[in-house]
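# Geometric and topological summary
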Amino acid sequence: MTNRKKPKFKIGDTVVITIYGTVGKITDVKYLDQMHVYEVNKSEGLYLESSLQMLSEYEGEIMDSEKIDIEYRFFIGDLVKVKGYGSNLFKIMGFRTEIWRYKSDAWEDVIYELSRVSDGEWLEAGEDELTLVADADSADSFIQKLGLLYIMDKKQKSIDLKKSSSSFHQTEKELLERTKEKKELIDGLLDIYNDYRILYSLFKDAEYEQVMKLTLRKLKLLSNRSDKDNGTKNLE
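The structure reproduced in this document is the subject of the present report. (Residues numbered from 1 in each chain as written. Predicted model: local features only at pLDDT ≥ 70, side-chain atom pairs only at ≥ 80, totals over all residues. Heavy atoms only, no water.)

## Looking at the overall build of the chain
As a reminder of what qualifies: Only runs of H or I of at least four residues qualify as helices and only runs of E of at least two qualify as strands under DSSP, and these elements are numbered from the N terminus. To sort residues, take the accessible area from a 1.4 Å probe on protein chains only and compare it with the maximum for the residue type: under 20% means buried, over 50% means exposed, and anything in between is partly exposed. In this description, contact between two residues means that some pair of their heavy atoms is separated by no more than 4.5 Å. Areas reported as accessible are Shrake-Rupley estimates using a 1.4 Å probe. Residue values count occlusion only from the protein chains shown.
Of regular secondary structure, the chain possesses three helices and 10 strands. Reading the helices (α) and strands (β) of the chain from amino to carboxyl end gives β-β-β-β-β-β-β-β-β-β-α-α-α. Here the chain holds 236 residues, and the buried ones make up 28% of them. Contacts in the chain between residues at least 24 apart in sequence constitute 52% of all its contacts with a sequence separation of at least 6. Surface exposure of the chain reaches about 16500 Å², of which carbon and sulfur atoms provide 51%.

Here it is in structure tokens:
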């Protein structure tokens, strides 16, 4: 058996990756195909001895490198409010990080790309301008609940039109369908009220309070109509 050649570098040595001009430390040494290869800074790649040089012996230009850890507050799919846009809701469609480096200063900016829920208008905003309303997992459900408020009047008018154009003596099936529909509307409105009550308690936004009041008015309207319908049914 031939004696294995000793590795040129050992774990802990500070070396320069000559093809990049970057500095790192040897974190592992492996012996593959009768040659030594090296792991630098726990990276996935392995380097040959010929591509490394001790920092103390290197005469080329050193490229500074740095590791940046960025903690993101929002993610794709999250539902947010934007400062200056009132109660308009936006969905996060993407984000990017801008890295700024100057001689006497350095910082990173996270820019979020948004789409307004109501009309799809595109907007870019920084983290400090955003307030989370619902995370990505619950955003679609929240939007559906909110949409219920805006279609309530249309649905109720449709019900009234059908009632006025039909006989006062409705079939049992029609009554059951209307009862089921009203129950679904009430459940949805209660969900909306509870969601906005939480938002109002967190942000004290007057527009959230207005949505709560509107929801209560809709609930009262449904309750009054149910009482009238029951009275009509009893008379029949």
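## Some points on the nonpolar core
So the rule is basically this: Here, nonpolar core means buried Ala, Val, Leu, Ile, Met, Phe, Trp, Tyr and Cys residues that are tied together by side-chain atoms lying within 4.5 Å of each other.
The biggest cluster of nonpolar side chains holds 16 residues, and the ones touching the most others in it are L79, V133, F142, Y196 and L199. For this core, the elements supplying multiple residues, two or more each, are β10 (130-134), α1 (136-165), α2 (172-203) and α3 (206-235). Non-local contacts of F142, meaning those with residues more than four positions away in its chain, are made with L79, L89, V133, A134, D195, Y196 and L199.

## Remarks on unusual backbone geometry
Backbone phi values are negative for most residues with the exception of glycine, while trans is the configuration of most peptide bonds. Non-glycine residue N41 carries a positive phi angle of around 55 degrees. Tracing the backbone through its elements, the reader meets N41 in the loop between β3 (35-40) and β4 (46-48).

## Digging into the environment of G60
Tracing the sequence through the fold places G60 in the loop between β5 (52-54) and β6 (79-82). Along the backbone, G60 and V16 are 44 residues apart, and their C-alpha atoms lie at a distance of 9.5 Å.

## Examining the sheet that holds β6
Selection rule: Two strands qualify as a pair provided that DSSP identifies no fewer than 2 bridges between them. Interaxial angles span 0 to 180 degrees and are taken between N-to-C directions of axes, which are lines fitted to C-alpha atoms, for helices over the stretch in contact.
The five strands lie next to each other as β9-β8-β7-β6-β10, forming an open sheet whose pairing is antiparallel. The sheet terminates laterally at β9 (122-126) and β10, the two strands that pair on one side only. Neighbouring strand axes in the sheet, compared pairwise and without regard to direction, differ in orientation by 40 degrees on average. As paired elements, β6 and β10 share four bridges and run antiparallel to each other.

## Here we look at the packing of aromatic side chains
Which entries qualify depends on this criterion: Within 6.5 Å between ring centres, the rings of Phe, Tyr and Trp (the latter by its six-membered ring) count as paired, and their orientation is classed by plane angle as stacked under 30 degrees, edge-to-face over 60, tilted in between.
Across all of its chains, the model carries eight aromatic pairs by this definition. Taking the centre distance of 5.6 Å and the plane angle of 45 degrees together, the rings of F95 and Y112 count as tilted. Of this pair, F95 sits in strand β7 (residues 89-101) while Y112 is found in strand β8 (residues 106-116), placing the two residues 17 residues apart along the sequence. The buried category is assigned to Y112, whose relative accessible area is 0%. Considering the side-chain rings of F142 and Y196, the 5.7 Å spacing of their centres and the 35 degrees angle between planes classify their relative orientation as tilted. Of this pair, F142 sits in helix α1 while Y196 sits in helix α2, and the two are 54 residues apart along the sequence. Here F142 matches Y196 in class, with each residue buried. Within the aromatic cluster, the residues linked to one another by ring pairs are Y72, F74, F75, F95 and Y112.

## Re the pairing of strand β2 (residues 22-32)
The pairing of strand β1 (residues 14-17) with β2 spans four bridges and is antiparallel. Looking across to β2, one finds that V16 is bridged to V23. Hairpin connection of β1 to β2: four residues between the antiparallel strands, including G21 at a positive phi of 75 degrees. Strand direction decides the pairing type here: β2 and β3, joined by six bridges, are antiparallel. Note on β3: the bridge partner recorded for I26 is V40. With antiparallel pairing between neighbouring strands as the criterion, β2 and β3 make up a hairpin whose turn holds two residues, including D33 at a positive phi of roughly 50 degrees.

## Description of the sheet that holds β2
Ordered in space as β4-β3-β2-β1-β5, the five strands form an open sheet in which the pairing is antiparallel. Each of the sheet's edge strands pairs with one partner strand only, and the pair in question is β4 and β5. Recorded for the sheet is a direction-independent mean angle of 55 degrees between the axes of neighbouring strands.

## Re the pattern of salt bridges
Pairing of side chains with opposite charge becomes possible as their charged atoms draw close. Convention followed: In what follows, salt bridge is the name for a side-chain nitrogen of Lys or Arg lying within 4 Å of a carboxyl oxygen of Asp or Glu.
By the definition in use, this model includes nine salt bridges. E98 is the partner of R96 in a salt bridge, and the nearest nitrogen-oxygen pair spans 3.3 Å. A salt bridge links R116 to E121, with the shortest nitrogen-to-oxygen separation between them at 2.4 Å.

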